[in-house]
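# Chain and residue survey
The lines below spell out each chain.
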Amino acid sequence: MHPHFPNLRADRPLVFVYGTLKKGFYNHENVMKKRAECYEYIGDATTSEKYPLLLDVYAVPYLVRKSGMGHCISGELYQVTDEGLQALDELEGVPGRYCRELISVTPKGSTETLSAHLYQIKNVPNLEARQLYSEYTLELHKAYKSKTERDESLRKDWGGYE
């Protein structure tokens with residue numbers, strides 16, 4: 001048992017989500033809510049390190065595997081079952097264009113860090129020239145297009161749409 005988070009279970013990994021998996025966003029409604037027994041919201045959190053977070057033309061958020069660049073990212077922390085983690089791996093295409101790694105996050109209202117899984121895209125070209133964000137907000141999400149609404153001819157080798 002964790003002293004500041006008594007509901008944490010040692011047999012369930014933590015996952016930090018920063019984009020469409022957050023409460024009220026597209027994939028939370030269409031993936032996580034459909035398997036609610038697999039996901040337990042722990043609280044809001046921020047990455048302990050800086051990461052580049054960017055959007056493509058369809059407002060799809062991408063957190064790039066390049067710590068030290070960008071901002072500390074605001075998101076949500078979930079405790080998940082093994083089945084829930086497998087479902088997220090499938091959604092994110094792991095292994096493939098995304099990777100899943102353990103990072104340190106700081107829960108809101110705490111100075112202590114926890115280890116949580118983070119889904120990151122491996123690489124994005126011209127990263128230095130892109131607008132980077134510290135949070136994927138509902139306002140940004142208003143422009144989001146689901147996979148069925150996207151023009152595949154705009155998909156680039158790195159995985160996003162331009």
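Refer to the preceding data block for the structure.
The following paragraphs examine the structure supplied in this document. (Residues numbered from 1 in each chain as written. Predicted model: local features only at pLDDT ≥ 70, side-chain atom pairs only at ≥ 80, totals over all residues. Heavy atoms only, no water.)

### Section: the overall build of the chain
This is how the line gets drawn: Starting at the N terminus, helices and strands are each numbered in turn, a helix being any DSSP run of H or I of at least four residues and a strand any DSSP run of E of at least two. What the globule rule says is 2.2 Å times the number of residues to the power 0.38, and the radius of gyration is computed from C-alpha atoms. With a 1.4 Å probe rolled over the protein chains alone, any residue whose accessible area is under 20% of its type maximum counts as buried; one over 50% counts as exposed, and the rest are partly exposed.
Looking only at helices and strands, one finds three helices and seven strands in the chain. Along its sequence from the N terminus, the chain presents helices and strands in the succession β-α-β-β-β-β-α-β-β-α. Against the compact-globule benchmark of 15 Å for 162 residues, the chain has a radius of gyration of 15 Å, which places it among compact chains. By principal-axis analysis of the C-alpha atoms, the chain measures approximately 50 × 35 × 30 Å. By residue count, 47% of the 162 residues in the chain fall in the buried class.

### Focus on the nonpolar core
For the record, the criterion: To qualify as a nonpolar core, a set must consist of buried Ala, Val, Leu, Ile, Met, Phe, Trp, Tyr and Cys residues joined through side-chain atoms within 4.5 Å. Should any heavy atoms of two residues lie within 4.5 Å, those residues are counted as being in contact.
Among the nonpolar cores identified, the biggest contains 44 residues, and Phe16, Tyr18, Tyr39, Tyr62, Leu77 and Val105 are the most heavily contacted of them. Elements supplying a minimum of two residues to this core: strand 1 (14-17), strand 2 (39-51), strand 3 (53-55), strand 4 (61-63), strand 5 (71-80), helix 2 (82-92), strand 6 (98-107) and strand 7 (114-121). Of all the elements, strand 7 adds the most residues to this core, at five residues. Those residues within four positions of tyrosine 62 in sequence are excluded, and the remaining contacts are Tyr18, Pro52, Leu53, Leu54, Asp56, Arg97, Tyr98, Ile121, Trp158, Gly159, Gly160 and Tyr161.

### Description of the side chain of arginine 150
Definition in use: In this charge count, Lys and Arg are treated as positive and Asp and Glu as negative; neither His nor the chain ends contribute. Any Lys or Arg side-chain nitrogen found within 4 Å of a carboxyl oxygen on Asp or Glu counts as a salt bridge. Here a polar contact is recorded for every N or O atom pair within 3.5 Å, except that within protein the pair must consist of a potential hydrogen donor and a potential acceptor, and residues adjacent in sequence are included only if both atoms are side-chain atoms.
With respect to the helices and strands, the residue arginine 150 is situated in the segment after helix 3 (138-141). Aspartate 56 provides the closest opposite charge to the buried, salt-bridge-free arginine 150, at an N-O distance of 5.8 Å. Within the structure, the side chain of arginine 150 is placed 2.8 Å from the backbone oxygen of lysine 145, a separation counted as a polar contact. If sequence neighbours within four positions are ignored, arginine 150 has contacts with Tyr58, Val60, Tyr144, Lys145 and Tyr161.

### As for helix 2
Those residues of helix 2 that sit buried are Gly84, Leu85, Ala87, Leu88, Asp89 and Glu92. Taken together, the buried residues of helix 2 touch strand 1, strand 2, strand 5, strand 6 and strand 7. Just beyond helix 2, the residue with positive phi is glycine 93, at close to 75°.

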